Amino acid sequence: MTAATTLTWSPELALGDDRTDTTHEEFVELLNATAAAAPEQQLALYQQLVQHTVEHFAQEERWMTACGIPADFCHFSQHNSVLEVMREVERRALLGEMALVAQMLEALVEWFPQHAQSMDAGLVGYLADKGFDTRTETFRDGAPAPAQDATVPSCGHEPGQAC
């Protein structure tokens with residue numbers, strides 16, 4: 001395992017939402033376990049990482065949908081792109097191309113902190129503003145879900161920049 005294929009859970013990655021932070025910490029732990037695994041165990045752990053990521057992204061996407069964020073929002077597309085590549089790596093690793101797993105782990109180490117500190121941080125703030133509780137997946141005080149509106153969280157870009 002090299003330093004390039006590990007992440008350290010740190011205060012910079014914590015976003016202040018318990019459920020988000022727990023899911024993100026699990027992602028980091030599973031990524032690191034996959035990177036540290038013996039060759040004969042690495043594919044099974046990578047498959048667990050893929051499944052965790054599917055569930056992780058589905059969780060965030062449920063929250064976005066509940067808050068009226070449209071499915072064409074950039075956060076959804078980034079999730080789709082990452083999962084597409086992760087699944088392709090899994091498919092090819094099952095055919096024996098295990099070197100791709102290490103490359104994918106390196107890419108995730110590079111991608112995840114930026115994604116968490118931009119898109120996910122924006123989402124956490126947006127959910128709090130809307131009164132959405134990520135533990136219960138309901139709105140505070142029984143408030144109804146907001147209608148879809150033009151005010152969605154940042155994609156991690158400056159205002160006016162394309163995603």
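Residues numbered from 1 in each chain as written. Predicted model: local features only at pLDDT ≥ 70, side-chain atom pairs only at ≥ 80, totals over all residues. Heavy atoms only, no water.

**Student:** What exactly am I supposed to notice about the packing of aromatic side chains here?
**Tutor:** For any two aromatic rings, the description comes down to two numbers: the centre-to-centre distance and the angle of the planes. All told, the structure shown has four aromatic pairs when counted by the stated rule. With a centroid separation of 4.8 Å and an interplanar angle of 35°, the aromatic rings of Phe27 and Phe112 are classed as tilted. Residue Phe27 is located in helix 1 (residues 18-36), and its partner Phe112 is located in helix 4 (residues 99-130); the two are separated by 85 residues in the primary sequence. With respect to burial, Phe27 and Phe112 carry one shared label: buried. Between Phe57 and Trp111, the aromatic rings sit 6.2 Å apart at their centres with planes inclined by 70°, giving edge-to-face as the arrangement. On the criterion of sequence distance, the pair formed by Phe57 in helix 2 (residues 39-66) and Trp111 in helix 4 is long-range, its members being 54 residues apart. Each member of the pair, Phe57 as well as Trp111, carries the same accessibility label: buried. Members of the aromatic cluster, connected to one another through ring pairs, are Phe27, Phe57, Trp111 and Phe112. (Phe/Tyr/Trp six-rings, centres within 6.5 Å; stacked < 30°, edge-to-face > 60°. Helix = DSSP H or I, 4+ residues; strand = E, 2+ residues; numbered from the N terminus. Buried < 20%, exposed > 50% of the residue type's maximum accessible area, 1.4 Å probe, protein only.)

**Student:** Got a minute to help me understand unusual backbone geometry in this structure?
**Tutor:** Most peptide bonds take the trans form, and the phi angle of most residues other than glycine is negative. We note that Glu137 has phi near 55°; this positive angle belongs to a residue other than glycine. Along the chain, the position of Glu137 falls in the loop between strand 1 (132-133) and strand 2 (138-139).

**Student:** Looking at this structure, how should I read the nonpolar core?
**Tutor:** One recurring pattern in soluble globular proteins is that nonpolar side chains are buried together. Judged by nonpolar contacts, the single largest core of 28 residues is most densely connected at Tyr46, Leu49, Met86, Leu108 and Phe112. Of all the secondary structure elements, the ones that give two or more residues to this core are helix 1, helix 2, helix 3 (74-94) and helix 4. Broken down by element, the residue count for this core peaks at nine residues, all from helix 4. Discounting chain neighbours no more than four positions away, the residues touching Leu49 are Phe27, Leu30, Leu31, Thr34, Met86, Leu105 and Leu108. (Core = buried A, V, L, I, M, F, W, Y, C linked by side-chain atoms within 4.5 Å. Contact = heavy atoms within 4.5 Å.)

**Student:** Looking at this structure, how should I read helix 2?
**Tutor:** An α-helical turn contains 3.6 residues, so a residue and the one three or four places further along point in the same direction. The terminal C-alpha atoms of helix 2, which comprises 28 residues, lie 41 Å apart, in line with the 40 Å expected from a rise of 1.5 Å per residue. Looking one or two residues beyond helix 2, the residue adopting positive phi is Gly68, at roughly 85°. (Expected span 1.5 Å × (residues − 1).)

**Student:** Please explain the side chain of Arg19 as it appears in this structure.
**Tutor:** Residue position: Arg19 is located in helix 1. At 3.3 Å, the side chain of Arg19 and the side chain of Gln59 are in polar contact. (Polar contact = N/O pair within 3.5 Å; in protein donor to acceptor, adjacent residues only side chain to side chain.)

The analysis is restricted to geometry; functional conclusions fall outside its scope.
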